[in-house]
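Observations on chain architecture
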Amino acid sequence: MNKTVLKVTDLVRHYPLPKESLLAPPRFVYALNGVSFTVEEGKSFGIVGESGCGKSTLARNVMALEDTDAGSVQILGNEVVGKTFNELRPLRQHFQMVFQDPYGSLDPHHTVGRIIAEPLAALEPLSRQEREDRVKEVLSSVGLKPTDMSKYPHEFSGGQRQRIAIARALITRPALIVADEPVSALDVSVQAQVLNLLRDLQDTHGVTYMFISHDLAVVEYLCDEVAVMYLGSIVEKGKTEDLFARPAHPYTRILLDAVPQPASGKKRDRIRLTGNVTGQTEKRSGCAFQDRCPMVDDRCKRETPTLKEVEDSHLAACHFSRELVEKAG
Amino acid sequence: MTLLDVRNLNITLQTAMGEARAVRDLNITLKKGETLGIVGESGCGKSMTALALMGLLPENATTSGELLLSGEDLLEKSEKEMCTIRGNRMAMIFQEPMTSLNPVHTVGRQIMEPLRLHRGLSKKEAFEEAKRLLDRVGIPNPSERIRNHPHQLSGGQRQRVMIALALSCSPDILIADEPTTALDVTIQDQILELIQTLVDEEGMSLVLISHDLGVIAENTQKVMVMYGGTAVETGSTDRIFDELTHPYTQGLFAAMPKIGMGRNRRLTTIPGTVPDLINLPKGCTFTDRCPLASEKCGGAVPARSQMNESHTVMCHHLDKAIKARGGELYQ
């Protein structure tokens, strides 16, 4: 039995909006409405969805970067929700983050050596020599040279900067790395290098990833398990192979169909999604996807579908998921 | 009938670091109603080409060559003359719908501007026309939306407004520079579908610029692959994806994660990074990263070889490249 690295249970986050008037009821942005999942050691868990579906809010809450309204996040069995800054400090070495923008997330005034060594401050004091050795070790594991330590971020290209950001996340030897769109700012040829690096690091160091992306092809390449989010809830979750081969939620089907294919020949037949992501500020009855769903019927407007198992470890929140899987299978 | 004919276009930018050769010896021909896709990574000169077409190059740019729109050379036009062409006979959709609309004016006012300027409509006529255009690009409730400011619209709707703006004077050529890069896949799908329908119905020519081979494959008739400021491979979209030849194009295609590829194969990577436009290699710009590179490549610019009537490739090692089709090149 594998060790569970990350366990998220019923995570809720509602951002309050300014009141329209003194006596008006308070309004909220319902960013996360009860999200649960677990990730086992050495696995990659992908989260996909459109912008505004709560992917990044989830990352920030898992990283304990903001207050959570309800629910629990356990990393290696330690609860991180509700802890104070000082209580979290020694725990932070176990979970690190890689951000989307490699230009904005590295301090331009610091040398690469200092940027990478910074997370070590949260550990017990290390001698200068030890710290330098750790930085050199981690630099070579991300494919940079130990001499790059004394350079500044502007001397590196986008792909190399993302390697520096990965090195900074790796230096505390974390069990979990949360990566929020780590390759979407990179060119295709460089993106492939970084994706291969992330995979190699997983093989050599056994790190666990929570990987957030809007690019389904990237998620398919890197992740063992995938969760699809829509309006703050997971609508489908399962092993990557199952979910991509037999999507059990119409939203997943549509997302997969929307990815343009680089091949010659005729346009594909597909269902197009109409409308935008809406209704983040209102709570309503029934399925969150009802306005845009091509299969919607009366039941969807009355009953909110819950995550149910459609196949072995493949869950979907749709009244029609069984039919969808049978059709695809 | 050839609508747009670009001959040996060169763009050089004067920078503090030296001369950057953004575009080198570029040739494009575009017939009426034709759609052309330009693919390439950042810094390959695709946006510079688009800006040159619109006469919007930065002040430190110098150009040579010819840029003919229905026989008239746009590079020789004065700014005043360009003003009557830009937005009228040629229109452009930019990448960032967030920043390319003016935040302090209503969208209606911004769409009315070219209508009054180029088509000489009265304020009232322009307002009605703007409403019709918003409806045409699929914005719900146009009579209300016309009074909205850009911040009140979503990203996809802003891009629709940009398209309405570009369409306002029924241009001959629509240039779309990464129109969907900032959008979600589902919204991207809607916007590309909209551009496609409008191009078909209005008989416009389209130049679609993207870094995404998938977007280009599904929305254009011809493709031009750019690298280091030159077109390394051109051809008709129907065939080119079966016959990718230039080592760069092969690498770019193999490096893209594709849905259905599975997780067991490693992604192919092209070693190195895109070239510095200031110190470009003398010969083929891809020399430093190319697995087939030999001494010849660094010294001389390869000739343009005709594969068949619509497919051209610039490479010294054509035979080896053809043999390597199928992805073995970068192993």
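For clarity, every value in this text was computed on a predicted model and none was experimentally measured.

Okay, the overall build of chain A next. When helices and strands are tallied, chain A shows 11 helices and 12 strands. Whereas a compact globule of 329 residues would reach a radius of gyration of roughly 20 Å, chain A reaches 21 Å, a difference of no more than 12%. Principal-axis analysis of the C-alpha atoms places the extent of chain A at approximately 70 × 60 × 45 Å. A buried classification covers 53% of the 329 residues belonging to chain A. Long-range contacts, defined here as pairs at least 24 residues apart, represent 65% of the contacts in chain A between residues at least 6 apart. The average position of the 41 basic charges and that of the 44 acidic charges among the side chains of chain A differ by 3 Å.

The next thing to look at is the overall build of chain B. Summing up its helical and strand segments, chain B has 12 helices and 12 strands in all. Relative to the 2.2 N^0.38 estimate, which gives 20 Å for 331 residues, the radius of gyration of chain B is 21 Å and therefore close to what a compact globule would have. Each principal axis of the C-alpha distribution contributes one length, and for chain B these read about 65 × 50 × 40 Å. Residue burial in chain B is summarised as follows: out of 331 residues, 56% are buried. Relative to all contacts within chain B whose residues are 6 or more apart in sequence, the contacts with residues 24 or more apart total 64%. Of the roughly 14100 Å² that chain B leaves accessible, carbon and sulfur atoms contribute 49%. Placing the 35 positive and 40 negative side-chain charges of chain B at their respective mean positions leaves the two points 2 Å apart.

To continue, consider the sheet that holds strand β7 (residues 176-180) of chain A. Within a sheet, each strand pairs with its neighbour through backbone hydrogen bonds, oriented either parallel or antiparallel. Residue and element names in this part refer to chain A. Read across the open sheet, the 8 strands follow the order β6-β7-β8-β3-β9-β10-β12-β11; overall the sheet is mixed. Each having just a single partner strand, β6 (95-98) and β11 (308-311) make up the two edges of the open sheet. The mean inter-strand angle of the sheet, taken between neighbouring strand axes irrespective of direction, is 25°. Across 5 bridges, the pairing between β7 and strand β8 (residues 208-212) is parallel. Residue pairing across strands places D180 opposite I212, the latter belonging to β8. In the packing of helix α6 (residues 188-205) onto the sheet, contacts are made with β3 (44-48) and β8, and the angle to β8 comes to roughly 155°. The strands touched by helix α11 (residues 321-328) within the sheet are β11 and β12 (314-316), with β11 carrying the most contacts at an inclination of about 15°.

The next point concerns the confidence of the model for chain B. All names here are of chain B. With 99% of its residues at a pLDDT of 70 or more, chain B has an overall mean of 89. Averaged over each element, pLDDT in chain B is lowest for helix α9 (residues 237-240) (86) and highest for strand β3 (residues 35-39) (95). Under the prediction, the complex receives an ipTM of 0.82, its pTM being 0.87.

Before going further, it helps to examine the nonpolar core. One finds I116(A), I166(A), F211(A) and I163(B) to be the most contacted residues of the largest nonpolar core, which totals 128 residues. Apart from the residues lying within four places of it in its own chain, the contact partners of I166(A) are V98(A), V142(A), V194(A), L197(A), L198(A) and L201(A). The next biggest cluster of nonpolar side chains, apart from the first, holds 38 residues, and it includes L4(B), I11(B), L13(B) and A22(B).

Moving on, we get to the pattern of salt bridges. Within the structure shown, the criterion is met by 27 salt bridges over all chains. Here the salt bridges do not stand alone but share partners, grouping R13(A), R60(A), E66(A) and D69(A) into one network.

Time to look at the side chain of T186(B). Examined against the element boundaries, T186(B) turns out to sit in helix α7 (residues 185-202). Classification of T186(B) as buried rests on a relative accessible area of 1%. A distance of 2.4 Å separates the side chain of T186(B) from the side chain of E50(A), its partner in a polar contact.

Inspection of the entire model under this criterion finds 9 aromatic pairs over all chains. Between the aromatic rings of F28(A) and Y30(A), the centroid separation amounts to 6.3 Å while the plane-to-plane angle is 50°, which identifies the pairing as tilted. Summarising the aromatic geometry, the rings of Y248(B) and F286(B) are spaced 5.3 Å apart at their centres and angled 70° between planes, so their arrangement reads as edge-to-face. Of this pair, Y248(B) sits in helix α10 (residues 247-255) while F286(B) sits in the loop between α10 and α11 (295-299), and the two are 38 residues apart along the sequence. Side by side, Y248(B) and F286(B) carry an identical accessibility label, which is buried. Feature note: the residues Y230(A), Y251(A) and F289(A) constitute an aromatic cluster, connected by ring pairs.

Right, let's get into helix α9 (residues 250-258) of chain A. Of all 9 residues in α9(A), 8 are buried; the element is thus mostly enclosed. Three or more residues of α9(A) are buried, namely P250(A), Y251(A), T252(A), I254(A), L255(A), L256(A), D257(A) and A258(A). Of the surrounding secondary structure, the elements contacted by the buried residues of α9(A) are α7 (216-222), β9 (225-230), β10 (233-239), α8 (240-245) and α11 of chain A together with α7 of chain B.

Let us now look at the side chain of H110(A). All names here are of chain A. Along the chain, H110 falls in the loop between β6 and α3 (112-117). We classify H110 as buried; its relative accessible area is 17%. A distance of 3.5 Å separates the side chain of H110 from the side chain of R114, its partner in a polar contact. Dropping the residues within four chain positions of it, H110 is found in contact with I115, Y152 and P153.

Residue and element names in this part refer to chain A. With antiparallel pairing, the 4 strands of this open sheet are ordered in space as β2-β1-β4-β5. The two strands at the open ends of the sheet, each matched to only one other strand, are β2 (27-40) and β5 (78-79). Along the sheet, helix α1 (residues 55-62) makes contact with β1 (4-17), β2 and β4 (70-75), crossing β1 at roughly 115°.

What follows covers the packing of helix α6 (residues 155-167) of chain B against α7(B). Residue and element names in this part refer to chain B. The contact between α6 and α7 brings their axes to 10 Å, and the two run at 15°. What the angle tells us is that α6 and α7 run roughly parallel. You can see that α6 and α7 cross each other, and the crossing is right-handed. The segment α6 lies against α7, with G156, Q159, R160, I163 and L167 engaging I187, Q190, I191, L194, I195 and L198. Its residues placed into classes, the contact of α6 with α7 shows 7 nonpolar, 3 polar and 1 charged.

With that settled, the discussion passes to the interface of chain B and chain A. At the interface, 47 residues of chain B touch 45 residues of chain A. Around 3800 Å² of area is buried between chain B and chain A when both sides are counted, 51% of it from carbon and sulfur atoms. It is E218(B), I259(B) and R263(B) in chain B that bury the most area against chain A; as a group they hold 22% of the surface buried on that side. There are 1 salt bridge connecting chain B and chain A.

Calculation notes
In this convention, every chain numbers its residues from 1, walking through the sequence in written order. To read the labels, note that chains go from A and ligands from 1, taken in the order they are written. The model is predicted, so local features are restricted to residues of pLDDT at least 70 and side-chain atom pairs to those at 80 or more, both for listing and for counting; the totals for chains, interfaces and linings are taken over all residues. Calculated side-chain values reflect all of the structure's heavy atoms, with hydrogen atoms and water omitted. The way it works is that DSSP assigns letters per residue, a run of H or I at least four long becomes a helix, a run of E at least two long becomes a strand, and they are numbered from the N terminus. For this measure, only C-alpha atoms enter the radius of gyration; the expected value for a globule follows 2.2 Å times N^0.38, where N is the number of residues. Only protein chains enter the accessibility calculation, which uses a 1.4 Å probe; a residue whose area is less than 20% of its type maximum is buried, one above 50% is exposed, and one in between is partly exposed. Contact criterion: two residues are considered in contact whenever any of their non-hydrogen atoms come within 4.5 Å of each other. In summary, the charge assignment counts Lys and Arg as positive and Asp and Glu as negative, without counting His or the chain termini. Charged side chains are reduced to one point each, which is NZ for Lys, CZ for Arg, CG for Asp and CD for Glu. Accessibility throughout is a Shrake-Rupley quantity obtained with a 1.4 Å probe, and a residue counts as covered only by protein chains that appear here. We call two strands paired when DSSP finds no fewer than two bridges between them. Think of each axis as a best-fit line through the C-alpha atoms, taken over the contacting stretch in the case of a helix, with angles from 0 to 180 degrees between the N-to-C directions. For every residue, the pLDDT score states the predictor's confidence, bounded by 0 at the bottom and 100 at the top. Side-chain atoms within 4.5 Å are what join buried Ala, Val, Leu, Ile, Met, Phe, Trp, Tyr and Cys residues into a set we call a nonpolar core. Salt-bridge detection follows one rule: a side-chain nitrogen of Lys or Arg within 4 Å of a carboxyl oxygen of Asp or Glu. In protein, a polar contact means a hydrogen-donor-capable atom and an acceptor-capable atom, both N or O and within 3.5 Å, with residues adjacent in sequence counting only if both atoms are side-chain atoms; elsewhere, any N or O pair within 3.5 Å suffices. Stacked, tilted and edge-to-face are the three classes assigned to paired rings of Phe, Tyr and Trp, where Trp is represented by its six-membered ring and a pair needs centres within 6.5 Å; plane angles under 30 degrees give stacked, over 60 edge-to-face, the rest tilted. Here roughly perpendicular refers to angles of 65 to 115 degrees, roughly parallel to angles under 35, roughly antiparallel to angles over 145, and oblique to all remaining angles. It is the rotation of the near helix from the far one that decides the hand of a crossing: anticlockwise by less than a right angle makes it left-handed, clockwise makes it right-handed. As a working rule, the residues Ala, Val, Leu, Ile, Met, Phe, Trp, Tyr, Cys and Pro are called nonpolar, Asp, Glu, Lys and Arg charged, and the rest polar, with Gly in that last group. Defined in terms of a 1.4 Å probe, buried area is the accessible area two parts forfeit on being brought together, summed over both.

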